[in-house]
Amino acid sequence: MTAIDKTDVVIVGSGFGGSIPAYHLAAGGAKVTVLERGPWLAAADFEHDYLLGSSYTRAFDFVVGDGMSVLGGNCVGGGSVVYFAAMPRAPRFVFERHGSIGRRMWPSVISRDTLEPWYDRVDESIPVSKQDWSDVSYAGGLWAAACNHSGRTANPAPVAVDNDTCVNCNFMMAGCKFDAKRSMLTNYLPAALSHGAEIRPLHEVQRLERTEDGSYRVHFDTVDEEDYRVHTGTGVIEAKVVIIAAGAGATPVILQRSEAALGEMPHGVGRYFSGNGERLNTAIIDEDRVREVLGLSREDGPVYSANHIGKGPTVANWDKLDGSLPEYERYSLEQLYFPPGLGTILAQVPGGEEPRWYGAEKKEILKQWANWLTIFLMTEDDNEGVFGTPPPTGNAYRISQQMLGRGSLRYDPTENTRHGWALADADCKAIIEKDGLAKVAPWTNDVVGAYTVHPLASCRIGDDAATSALHPNHELRNHPGIFVTDSASVPGALTVNPAMTIAALAERSVPGIVRELQARGVDVKYGAPSPDGSITGRRAVSKLDLVAGN
Amino acid sequence: MQPEATEEERVKDMTLEAYADTIVPGEKRYPEDRAIAGAAPGPGSVAAGALELLNFDATGVTAGLPYLAQSLNDHAKAYAGEVELELDHDVPPFVALPYEHRRELVNRLTTPGHPEKDGWVSLALFCNMAFDSAAHKHTAEAIREGHPGLLALGYTEPDADGFWRFPKYGYGRKLAELHPDTTPSGSPA
């Protein structure tokens, strides 16, 4: 008989939700094992290439559901490797939202004010930069100028990018070749490794079961590094505490599949999924009008013609992030870059004949691709996504060797969600079509459903057992010793990019996990500095009740 | 020397070419070209390598192509019957459809609620990707070879080491007022 591998903590997934506790727990003295289903890629592996099989397809996952598709990370570092590194804090009103449940969605102990020290810890650790106008790309600048022309404000977005190193290649979704993007690969993960954490790539966790002593046995399959449809083996590892941070598209699926062994899951597992109210619009820019109306020009001839130059989102319009507006009428409009392939097919011809996502007219707008300006709408949706029966392995039936799969998520947007989308679409149109600057059309939902790059809330935190899967300390209800620390825990749409909030919540979860490990006999302490040794954030949170006693 | 294609393979390829050409249409390769409807000027998805990409195992759709082609032709026959369209028998039924009817049929097959929607959308996705990202080739190589889709999109060659850099990337000046409720860290309040 082979001895079963044992560790103090198994962390499932290595994105923001996995890397942050991995670092703190390892630094505090726990034996930490991170199981990551994707490959372990580094700067040397990141390519500028759309070839199937390049880092572009190895590093992320696109899962098509019924009415909603989800794009997420699939590699060591998870979503942080494929994100565009926009790191705004969520506006104050978000934490007071009621959504569809008729009462405050967030736990009473979490507000913008109480989360602020945790945001500060992330800000210091990653670190996050406040950008100024000189950092803004042509696309962001054009969006800012259009907003200004409409009597609006516009803000350079805070980002986790080292602008001195960034070459504005816009390939950051395929992983940053130049390590200018501050993903988990550049901060929390190396710090976790230096404290002895073990990371096992290509380990896809399938389910958990409880051992007689109240620990957990984690079952995984190993996955082929090129063809993720091929599973190369199986294994188990035992841990006193398990942290699930597999992303909002996979975390609930692992728990659903574990239900037979663990017993009934809280009602909130696999329900209340939110796509962060996301929606994209493609504007086709008229260079002449932009020159005449906005007075913009580039040094090298074109006025704009720069869709592929830049670094994801650089400028956002926050005029509708106004807490006095009714719920579902608050949103942000952010300039975004979206590479060809998945993004391009969903763009529609403005004003064309139906269907507008393929055909001769679509080809004509593809030829104007360099003059596209993509506007990303983040609205308040109704948490209407529900996960169905889990597939046999992973969180999807994999179609392609990499990237493409079919999942069990069902999403049928409510009137509230549609109302928010319609208002944001109309606002975007009013700004960008004013005085003939551009023609704009929203992406179609008819092809792969609604679409999110920021899945949230499929296993959410809250005060109410009926509508949340997690206690306010991130522990899974009725299943002590299992924590969820990723985007699945965020209760609802944030109206801005969620990475900063996901990371802040993960930071906030750590003292409670440390206490649980201590209760289970593990010699671990809370109080590590930032990954680079800075201690300002640690000093600030050490005064909080949540941390007292550690 | 490649073995000669069977009749079945020729039907399959021609049908898939016609599907790809419906998604990103192009000009005929030669006057008698039937697969390509000639609905748009310049090269389309087929010239961009749609068949090469569909036959690239990594897509996961390759094994299903014979089924999809046959099914598409069955749908085309039924459709032609419904709209009382006489199809000539020299080419597969979907190929025999004029462009606007190919488009109408693809529209039906990819509409939400159609039981086979997933398969047709996957096929459309890869036909589109052949044109807009040449996912069957290294991007730099495809551009060097004059890939029609990437050139149409406006891609230029990368630096000598194969990576793109844009030293000039922005207008470099203030273009709007900041939102009044912006915090010192640059976030919404």
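One can find the structure itself at the top, above this paragraph.
Note that the structure is a prediction, hence the values are computed from the model and not measured.

Peer 1: Quick rundown of the overall build of chain A? Include the residues and the values.
Peer 2: Regarding its fold elements, chain A presents 13 helices and 19 strands. The C-alpha radius of gyration computed for chain A amounts to 22 Å, which stays within 12% of the reference 24 Å derived for 550 residues, consistent with globular compactness. Along the first, second and third principal axes, the C-alpha set of chain A runs to 75 × 50 × 45 Å. The buried share of chain A, reckoned over its 550 residues, is 68%. Put simply, of all contacts in chain A between residues at least 6 apart along the chain, 75% involve residues at least 24 apart.

Peer 1: Describe in detail the interface of chain B and chain A, supporting the description with residues and values.
Peer 2: Between chain B and chain A, the residue contacts involve 69 residues of the former and 78 residues of the latter. Between chain B and chain A lies a buried interface of about 6200 Å² when both sides are counted; carbon and sulfur atoms form 60% of it. Considering only the side of chain B, the residues that lose the most area to chain A are Y169, Y171 and P188 of chain B, jointly responsible for 13% of the buried surface there. In this structure, the connection of chain B to chain A is made through two salt bridges. For K168 of chain B, the salt bridge is made with E299 of chain A, and the minimal N-O distance between the two is 3.5 Å. Where the side of chain B that touches chain A is concerned, the elements lending two or more residues are α1 (7–23), α5 (99–109), α6 (117–132) and α8 (148–153) of chain B. Tallied by class, the residues present in the side of chain B that touches chain A amount to 35 nonpolar, 23 polar and eleven charged.

Peer 1: Run through the environment of T452 of chain A, naming residues and quoting values.
Peer 2: Residues and elements named next belong to chain A. Mapped onto the elements, T452 comes out in strand β18 (residues 450–452). Classification of T452 by relative accessible area gives buried; the value is 0%. Spatially, the C-alpha atom of T452 lies 24 Å from that of I285, the residues being 167 residues apart in sequence. Excluding residues that lie within four positions of it along the chain, T452 makes contacts with M68, S69, V70, L71, F273, G275, N276 and E278. Of note is the side chain of T452, whose polar atom sits 2.9 Å from the backbone nitrogen of H454.

Each value, and the rule that gives it
- Residues numbered from 1 in each chain as written.
- Chains lettered and ligands numbered in written order.
- Predicted model: local features only at pLDDT ≥ 70, side-chain atom pairs only at ≥ 80, totals over all residues.
- Heavy atoms only, no water.
- Helix = DSSP H or I, 4+ residues; strand = E, 2+ residues; numbered from the N terminus.
- Rg over C-alpha atoms; globule rule 2.2 N^0.38 Å.
- Buried < 20%, exposed > 50% of the residue type's maximum accessible area, 1.4 Å probe, protein only.
- Contact = heavy atoms within 4.5 Å.
- Buried area = accessible area lost by both parts, 1.4 Å probe.
- Salt bridge = Lys/Arg side-chain N within 4 Å of Asp/Glu carboxyl O.
- Nonpolar A, V, L, I, M, F, W, Y, C, P; charged D, E, K, R; others polar.
- Polar contact = N/O pair within 3.5 Å; in protein donor to acceptor, adjacent residues only side chain to side chain.

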